[in-house]
Amino acid sequence: MNTWQDSLIELIRRTSAEIPDDVQRAILAALEREKKGTIAESAMKIIEHNIALAKQKSQPICQDTGSVLFYVDSPAGFDQISFTEAARNAVKLATQKGYLRQNSVDSLTGKNDGTNLGPGAPTIHFHQHKEAAVSVRLMLKGGGCENVGAQYSLPDETIKADRDMAGCRKAILDAVLQAQGKGCGPGVLGVCIGGDRATGYEFSKIQFLRTLDDRNPNPELDKLEQDILNTANELGIGPMGFGGKTTLLGVKICAANRVPASFFVSISYMCWAYRRHGARLDATGKIMDWLY
């Protein structure tokens, strides 16, 4: 599995050090929108400079290289056990090389063995598809943005949100308000309407695998995405909470079936260091092409 391991190490390096093109375009557009000479413009310039330096030096964009989340689409019969072994080895070696910070800690003892391995670390989601190639997407999700995720159970009297789209809108915007100045904004929201508590958060994070410039195929959700994005950027929160026109870079929303007794709105938050990349690999583990 050395080829698989080597390919996954390169995927980790690229994800840690290089912002995807769609995110880079969104950040540059945000910089242009901010008023010249403001703290917001200065913050965006620092972000832009940070991105350029990380790519140039092939070093992590952020000192918090985050939770390591693999999303694997593979054909039937794919050896998931061997892939998991290769992925764990790749994470360990990438940590030794400095592509990942040693930041996976035992929750009971607080100890850090320096490998980024342990229960749930890394996390690997497997899905089957009918293609011969294996598509591996990697997300590195930092703790700061993870801390400001939120889940609402509607109806919610505290924000006067009912079990309807208007109530969902209130919940999502309330999450934006609660996150202001935290989570290393400008951020991106991944949202799931419905599901249970666990799948709601899972599906909300899957939304981060979409590109920022795509459009939701569901007209109602597309309208809500654009509405939340525009409204949030009119709140004046701005980059890092310093004020300005760019509170969010994007909003991605999905819906999942629920049981009648529950109505959850699950919101995951991604910081400006939006580390997401992916590759298609052949049967030997060799990288065929990049997905972003």
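Note: the structure precedes this text.
Residues numbered from 1 in each chain as written. Predicted model: local features only at pLDDT ≥ 70, side-chain atom pairs only at ≥ 80, totals over all residues. Heavy atoms only, no water.

Trainee: Sorry, what's going on with the pairing of strand β1 (residues 67–74) here?
Mentor: Sheet faces and side chains relate simply in a regular strand, where the side chains alternate between the two faces. Of all 8 residues in β1, 6 are buried; the element is thus mostly enclosed. Inspection of the sheet shows β1 paired to strand β2 (residues 123–128) by 6 bridges, in the parallel sense. Paired with Y71 across the two strands is H125, which belongs to β2. (Buried < 20%, exposed > 50% of the residue type's maximum accessible area, 1.4 Å probe, protein only. Helix = DSSP H or I, 4+ residues; strand = E, 2+ residues; numbered from the N terminus. Pairing = 2+ DSSP bridges.)

Trainee: Would you mind showing me how to read helix α3 (residues 39–57) here?
Mentor: Residues three or four positions apart in an α-helix share a direction because the helix packs 3.6 residues into each turn. The first and last C-alpha atoms of α3 sit 27 Å apart over 19 residues, in line with the 27 Å expected at 1.5 Å per residue. Taken residue by residue, α3 has A40, E41, A43, M44, I47, I51 and A54 as its buried positions. For α3, the buried positions fall inside an angular range of 165° around the axis, keeping them on one side. What points out from α3, more than 90 degrees from its buried face, is the exposed set I39, I46, H49 and Q56. Those residues of α3 that are buried lie in contact with α1 (2–17) and α2 (21–33). One or two residues past the end of α3 sits S58, with phi positive at roughly 55°. (Expected span 1.5 Å × (residues − 1). Arc of directions from axis to C-beta. Contact = heavy atoms within 4.5 Å.)

Trainee: What exactly am I supposed to notice about the nonpolar core here?
Mentor: Most often, soluble globular proteins keep nonpolar side chains buried together rather than apart. Core analysis: the biggest nonpolar cluster contains 55 residues, and Y152, I172, L189, L248 and V265 have the highest contact counts within it. Sorting elements by how many residues they give to this core places helix α6 (residues 165–179) first, with 7 residues. Once you skip the residues sitting within four places of it in the chain, I172 turns out to touch L189, V191, L224, I228, I253, V265 and I267. Counting 25 residues, the second-largest nonpolar core is a separate cluster that includes L8, L11, A86 and A90. (Core = buried A, V, L, I, M, F, W, Y, C linked by side-chain atoms within 4.5 Å.)

Trainee: Is there a simple way to explain the pairing of strand β8 (residues 275–281) in this structure?
Mentor: In terms of residue burial, β8 counts as a mostly covered element, since 6 of its 7 residues are buried. Pairing of strand β3 (residues 134–141) with β8 involves 7 bridges; the strand directions are antiparallel. Of the residues in β8, the one forming a bridge with V136 is A279. A loop of 5 residues connects β8 with strand β9 (residues 287–290), the two strands running antiparallel in sequence, and G285 in this loop sits at a positive phi of about 95°.

Trainee: What exactly am I supposed to notice about the pattern of salt bridges here?
Mentor: Two side chains bearing opposite charge may form a pair once their charged atoms approach each other closely. Enumeration according to the criterion identifies 15 salt bridges in this entry. Across the pair R13 and E10 runs a salt bridge, and its minimum N-O distance is 2.9 Å. Pair noted here: R13 and E10 are both in helix α1, with a separation of 3 residues, about one helical turn. Judged by its relative accessible area of 14%, R13 is buried. Residue E10 is classed as partly exposed on the basis of its relative accessible area, which comes to 27%. One connected set of salt bridges, linked through shared partners, spans R210, D214, E225 and K252. (Salt bridge = Lys/Arg side-chain N within 4 Å of Asp/Glu carboxyl O.)

Trainee: What is the right way to look at the environment of A86 in this model?
Mentor: Note on placement: A86 falls in helix α4 (residues 80–97). By relative accessible area, which is 2% here, A86 ends up buried. Measuring from C-alpha to C-alpha, the distance between A86 and G187 comes to 32 Å, with 101 residues separating the pair along the chain.

Trainee: I'm lost on the sheet that holds strand β4 (residues 150–153) in this one. Help?
Mentor: Pairing between sheet strands relies on hydrogen bonds along the backbone, with the strands arranged either parallel or antiparallel. One open sheet accounts for 4 strands, arranged β4-β7-β5-β6; its pairing is mixed. Here the strands that pair on one side only, and so sit at the sheet edges, are β4 and β6 (248–256). Shown here is a sheet whose adjacent strand axes are inclined to one another by a mean of 15°, direction ignored. The sheet contact formed by β4 and strand β7 (residues 264–270) spans 4 bridges and is antiparallel. Along β7, the bridge assignment pairs S153 with F264. Helix α7 (residues 197–206) contacts β4, β5 (187–194), β6 and β7 of the sheet and is inclined by roughly 40° relative to β7. (Axes fitted to C-alpha atoms, helices over the stretch in contact; angles between N-to-C directions.)

Trainee: Would you explain empty space enclosed by the protein in this entry?
Mentor: Unfilled space is identified by rolling a water-sized probe across the atoms. Inspection of the entire model under this criterion finds 1 cavity of 30 Å³ or more. Along its surface, the largest cavity is lined by V176, A179, Q180, G181, K182, G185, I237, G238, M240, G241, T247 and Y269. The residue makeup of the lining of the largest cavity, split by class, is 5 nonpolar, 6 polar and 1 charged. (1 Å grid on protein atoms, 1.4 Å probe; cavity = no way out; pocket = protein on both sides within 12 Å on 5 of 7 lines; lining within 4 Å. Points joined across faces, edges and corners; volume = space filled by probe spheres on them. Nonpolar A, V, L, I, M, F, W, Y, C, P; charged D, E, K, R; others polar.)

Trainee: Please explain the side chain of R275 as it appears in this structure.
Mentor: Of note, R275 is situated in strand β8. Among buried Asp, Glu, Lys and Arg side chains, R275 stands out as unpaired, with D64 the closest opposite charge at 5.6 Å. Among the polar contacts made by the side chain of R275, one reaches the main-chain carbonyl oxygen of D64 at a distance of 2.7 Å. If near-sequence neighbours (up to four positions away) are discounted, R275 is found in contact with T15, S16, I61, C62, D64, T65, L138, M139, L140, K141 and G142. (Lys, Arg positive; Asp, Glu negative; His and termini not counted. Polar contact = N/O pair within 3.5 Å; in protein donor to acceptor, adjacent residues only side chain to side chain.)

Bear in mind that shape data such as this cannot, by itself, settle questions of function.
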